[in-house]
Amino acid sequence: MKLLNLAFKNLSRHKTKTIITSTAIAIGVWLYIFIDAWLSGIQIDSKRNLINFEIGSVKIYKKEYFEKKDEIPMYESFKNYEKIIERLDKEGYNASPRIKFTGSLLSKEIELPFLFIGVNPELEKRVFKTHEFIEKGTFVEDNLFGIVLGIKGAKDLGVDIGDTVKLSTVIDKKDENNKIKHIYQVMELRVIGIINSTNSIINGKIAYLPLSILQDEMGLMLEGHITEICIRKKDANFTELPKNSEKAKFIENKIKDLLPGDLILVDWDKDAKDYISVSSGDAILSYITIALLLTLAVIGIANTMLMAVTERTKEIGMLKALGTKDSEISLLYFMEAGLIGFIGAFAGIILGIITNLYMVNIGIDYTEFFEKSNMENIGYRVIGIFKSIWNWDKIVLSGIFSTLIASLTAYFPVKRALKINIVDALRFE
Amino acid sequence: MEVIKTKDLYKDYVVNKIVVNALRGVDFVVKKKEFTAIVGPSGSGKSTLLHLIGCLDTLTKGEIYLNEKNISSLTKDQLALLRREKIGFIFQAYNLIPVLTVLENVIFPLTLLGVNPKEAKNKALELLKIVGLEGMEKRKPKEISGGQQQRVAIARALIKDPELVLADEPTANLDSKTGSEILDLMLKLNTEKGITFVFSTHDQMVMEYAKRLVFLRDGKIIKEEIK
């Protein structure tokens, strides 16, 4: 306490320098709190949207499919999955069988590449939220040659409900010798629904159609084959991320005896690994920028402290003469530097909290911007208003960390102060 | 009772690779309640002797006793505690802490000793009254004169009731009138409170105040005078 008072008063010696250094720390801490809360908000929304619209909590794939899933290899499909779905149902899980394939849609005006998802509408509705975001028309209906499009995809194609589109694709099938056959197929479909969801990817060039119409020569000649089963717990809370009971390992234990050796269960975060690594990369880049800013602030503090030791050489000698121990002199300088960090961190936290109050409750509306841009290239599964979330632990940690780092910058100046011989220090001019 | 006793005290410095023999076998004793001046020209070793008996520097050879306790082999921290508890210093350049007020500067040694703040404040106020600085408690050092700063330094040296006060040329930076006021004050404290003072000087006026004079030349005591 005795030294804290002195350390605090020492800050007033170079008020301007103290204010500039503290301000730099404050800006660093404020930016950290703002960006962290903002990215966390986007990421949590993206993750929820990935789970609620694209993956579920766990997916079942053929192992070979998962290994090259970016190519969407529809020939790596499997059948006889009904018993798995029945068992999952008994165990308290909803499951939606799907086939994914690529191709293009042709309207009267244009041909655009699309990703197609064949679904069992009833089962799909239990696992995903997509059907709740039909802006026009209806969701997919069994045995109906209808197609449901994302709003941006429909807009780019220039089609609306009731219009006819042609689906052009190449069916990749393995024959009895495991050789891949390519069969060109064209289907005529009516647009029956348009999706405007909170997931930008789903609103893009994605089209849903019923699995039932894809089974024979009129469709994709699937003969009961699918490429994936998406799973979600029946009582899952769609606003939260999956819990342990929705983990692949946990579910696998319940269906182990039914699971053929070539099928694997994949957790949602492993399935979305590419997205997660890209979004983490974005976050890391932001944190590096903030770290650079804080480094500059820290160099500023170190410089202030070094200057303090040099100009107070005589005073250090006098403090020692009065009986101040080396450890107490160290503490004095560590506290002084720490206080600069603390003042900056405190101001940064206050600014961060004020900014977050706005960002958590109101957010920034990017709707117009996203409507004009190509959402698929952005990667984040969000649309419209970007909101932040409260990360209280990180807010507190940012304050503690900045104070500690600031304090540690006094290490070398302190070392120098302790080396000073009392008699030499007292003679210093 | 002997407050200080040195035995065959040597101190060598190395300046630009040249060894300087600052003290060369000093035997020196100061008894309780003495008002002693170490006198000599510049470079005679008087400040060095004061620094050694004030535990501010390490000796080259010999022994130093403070209250009959050998302090020659104490550690840095032990010496710091000894200075904190038993020795008061008055420097030529006052050396007050500029960011602290007059009152806080005087209290500082007691805060190091962990004395209750209220008790420390009362004692500091009492001392400031004695040294004639009543009403100046809230001023910063730069807001008072050199003589007043030296009075603050005296109050700071005395607040912990030290067994010994060492003053290195305490009036060198003051005009003769202020200097004699400071010496009057030190003498008064020595007479009334029985505090032992040892100071270095080469000023004739200061010598006149001293009750005992120890003459130093080339690192050796050449003469002593008791008035």
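Since the model is a prediction, treat every value here as computed from it, not as a measurement. Just so you know, the residues in each chain are numbered from 1, in the order the chain's sequence is written. Chains carry letters and ligands carry numbers; both start at the beginning, A for chains and 1 for ligands, and go up in the order they are written. The predicted nature of this model means local features are confined to residues of pLDDT at least 70 and side-chain atom pairs, given and counted, to a pLDDT of 80 or more, with totals for whole chains, interfaces and linings taken over all residues. For side-chain calculations, the full set of non-hydrogen atoms in the structure is used, while hydrogens and water are omitted.

**Some details on the overall build of chain A**
Only DSSP runs of H or I with at least four residues qualify as helices, and only runs of E with at least two residues qualify as strands; both kinds are numbered from the N terminus onward. A count of helices and strands for chain A gives 15 helices and 12 strands. Expected size for 429 residues packed as a compact globule is a radius of gyration near 22 Å; at 31 Å, chain A overshoots this value by more than 25%. Counting only C-alpha atoms and orienting by the principal axes, one finds that chain A spans roughly 100 × 50 × 40 Å. Out of the 429 residues in chain A, the part that is buried amounts to 51%. A distance of 8 Å separates the average location of the 54 positive side-chain charges in chain A from that of its 54 negative side-chain charges. Both definitions apply: the radius of gyration is a C-alpha atom measure, and the globule rule equals 2.2 Å times residues to the power 0.38. Type-normalised accessible area, obtained with a 1.4 Å probe on protein chains alone, sets the label of each residue: buried when under 20%, exposed when over 50%, and partly exposed for intermediate values. Counted as positive: Lys and Arg. Counted as negative: Asp and Glu. His and the chain ends are not counted at all. We put the charge of a Lys on NZ, of an Arg on CZ, of an Asp on CG and of a Glu on CD.

**Some thoughts on the sheet that holds strand 4 (residues 61-66) of chain B**
Pairing within the open sheet is antiparallel, and its 4 strands lie in the order 2-1-4-5 (chain B). Only two strands of the sheet have a single neighbouring strand rather than two, namely strand 2 (18-31) and strand 5 (69-70) of chain B. What makes two strands pair is DSSP finding at least two bridges between them.

**As for the pattern of salt bridges**
For this document, the term salt bridge refers to a Lys or Arg side-chain nitrogen within 4 Å of an Asp or Glu carboxyl oxygen. Evaluation of the coordinates by the stated rule reveals 34 salt bridges over all chains. Notably, a salt bridge pairs Lys243 of chain A with Glu240 of chain A, separated by 2.8 Å at the nearest N-O pair. Residue classification places Glu240 of chain A among the partly exposed positions, given a relative accessible area of 35%. A salt bridge links Arg151 of chain B to Glu181 of chain B; the shortest N-O distance between them is 3.0 Å. Remark: Glu181 of chain B occurs in helix 6 (residues 176-193) and Arg151 of chain B occurs in helix 5 (residues 146-158); sequence separation between them is 30 residues. Taking relative accessible area as the criterion, Arg151 of chain B reaches 15% and is therefore assigned buried. Shared partners join several salt bridges into a network, and the residues in it are Lys59, Lys69, Arg98, Lys100, Glu124, Glu228 and Asp271 of chain A.

**Section: the confidence of the model for chain B**
Values of pLDDT, the confidence the predictor places in each residue, fall between 0 and 100. Taken residue by residue, chain B gives an average pLDDT of 91. The fraction at 70 or more is 100%. ipTM for the predicted complex: 0.90, alongside a pTM of 0.71.

**Topic: a nonpolar patch on the surface**
All names here are of chain A. For patch detection, residues must exceed 30% relative accessible area and be free of salt bridges, and they are connected within 9 Å for like charges or within 5 Å for nonpolar side chains (Val, Leu, Ile, Met, Phe, Trp, Tyr). To be clear on the numbers: accessible area is Shrake-Rupley with a 1.4 Å probe, and residue cover counts the displayed protein chains and nothing else. Taken together, the side chains of Phe8, Phe342, Ile343, Phe346, Ile350 and Ile354 make up a nonpolar region of the molecular surface, amounting to roughly 600 Å² of accessible area. Looking at which element gives the most residues to the nonpolar patch, the answer is helix 11 (residues 326-361), with 5 residues. Examined against the element boundaries, Phe346 turns out to sit in helix 11.

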